[in-house]
Amino acid sequence: MEQRPPPLPSMNPYAAPSARVGDINDAEEQELADRGTRLGAAILDGLVLGGPVALIAIAAAIALPWYKQSGGTQPNPLVLGLLGFAIFAAIIGVAVVNMVLLHRHGQTLAK
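Residues numbered from 1 in each chain as written. Predicted model: local features only at pLDDT ≥ 70, side-chain atom pairs only at ≥ 80, totals over all residues. Heavy atoms only, no water.

Caption draft 1: Focus on the overall build of the protein chain. If you tally the helices and strands in the protein chain, you get 2 helices and 0 strands. For the protein chain, buried positions account for 10% of its 111 residues. In the protein chain, once contacts between residues fewer than 6 apart in sequence are set aside, the share between residues at least 24 apart is 47%. On the protein chain, roughly 9700 Å² of surface is accessible, and the fraction owed to carbon and sulfur atoms is 64%. (Helix = DSSP H or I, 4+ residues; strand = E, 2+ residues; numbered from the N terminus. Buried < 20%, exposed > 50% of the residue type's maximum accessible area, 1.4 Å probe, protein only. Contact = heavy atoms within 4.5 Å. Areas by Shrake-Rupley, 256 points an atom, 1.4 Å probe, with all protein chains shown as cover.)

Caption draft 2: Just helix H2 (residues 77–105), in detail. Its 29 residues place the ends of H2 42 Å apart at the C-alpha level, agreeing with the 42 Å of an ideal helix rising 1.5 Å per residue. Here H2 has its buried residues at Val79, Ala90, Val94 and Asn98. Buried residues along H2 sit in contact with helix H1 (35–63). Positive phi appears at Gly106, one or two residues downstream of H2, with a value of about 75°. (Expected span 1.5 Å × (residues − 1).)

Caption draft 3: View of a nonpolar patch on the surface. Together, Phe85, Phe88, Ile91, Ile92, Val96, Met99 and Val100 give the surface a local cluster of nonpolar side chains, amounting to about 670 Å² of exposed area. Relative to the assigned elements, Ile91 resides in helix H2. (Patch = residues over 30% accessible without salt bridge, like charges linked within 9 Å, V, L, I, M, F, W, Y side chains within 5 Å. Salt bridge = Lys/Arg side-chain N within 4 Å of Asp/Glu carboxyl O.)

Caption draft 4: Representation of the packing of H1 against H2. Orientation of H1 relative to H2, taken along the N-to-C sense of each, is 170°, at an axis distance of 9 Å. In terms of their interaxial angle, H1 and H2 are classed as roughly antiparallel. Between H1 and H2, the residues in contact are Val48, Leu49, Pro52, Val53, Ile56 and Ala60 and Leu83, Ala86, Ile87, Ala90, Ile91, Val94, Ala95 and Asn98, respectively. Residues belonging to the contact of H1 with H2 are distributed by class as follows: 13 nonpolar, 1 polar and no charged. (Axes fitted to C-alpha atoms, helices over the stretch in contact; angles between N-to-C directions. Parallel < 35°, antiparallel > 145°, perpendicular 65-115°, else oblique. Nonpolar A, V, L, I, M, F, W, Y, C, P; charged D, E, K, R; others polar.)

Caption draft 5: Quick peek at the side chain of Asp45. The topology assignment puts Asp45 in helix H1. Using a relative accessible area of 8% as the deciding quantity, one classes Asp45 as buried. Excluding residues within four positions of it along the chain, Asp45 makes contact with Thr108, Leu109, Ala110 and Lys111.

Caption draft 6: Structural context of the environment of Ala89. Position of Ala89 relative to the elements: it lies in helix H2. Look at Ala89 and you get partly exposed, because its relative accessible area is 36%. When the C-alpha positions of Ala89 and Val53 are compared, they lie 9.3 Å apart, and in sequence the two are 36 residues distant.

Caption draft 7: How the structure looks around the side chain of Asn98. With respect to the element layout, Asn98 can be found in helix H2. Contact partners of Asn98, with chain neighbours within four places excluded, come to Leu49, Thr108 and Leu109.

Bear in mind that shape data such as this cannot, by itself, settle questions of function.
Shown next, in the form of structure tokens:
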């Protein structure tokens, strides 16, 4: 069967460019993951994102009473600031890793 060339573009200078794209995969050829696999990946992603923050929060809950100021009931502001920074750094670090993986491969750590 003879292939015809694409039609000539319209003379509209504001029209979107037309191109023949031959490398698009048919959606029917791809096998999608089942619900259980997707659920497991979503749970694992949640653990990867929340795990470092949870570990820091547990360590803070255990260690914070030891670092209270002498004679006061308030914890040391320096320790609170360091814990807050550690939680913030853990969240940003894991989010950046996931964003890089999403950009490069279209997948997160678990997916």
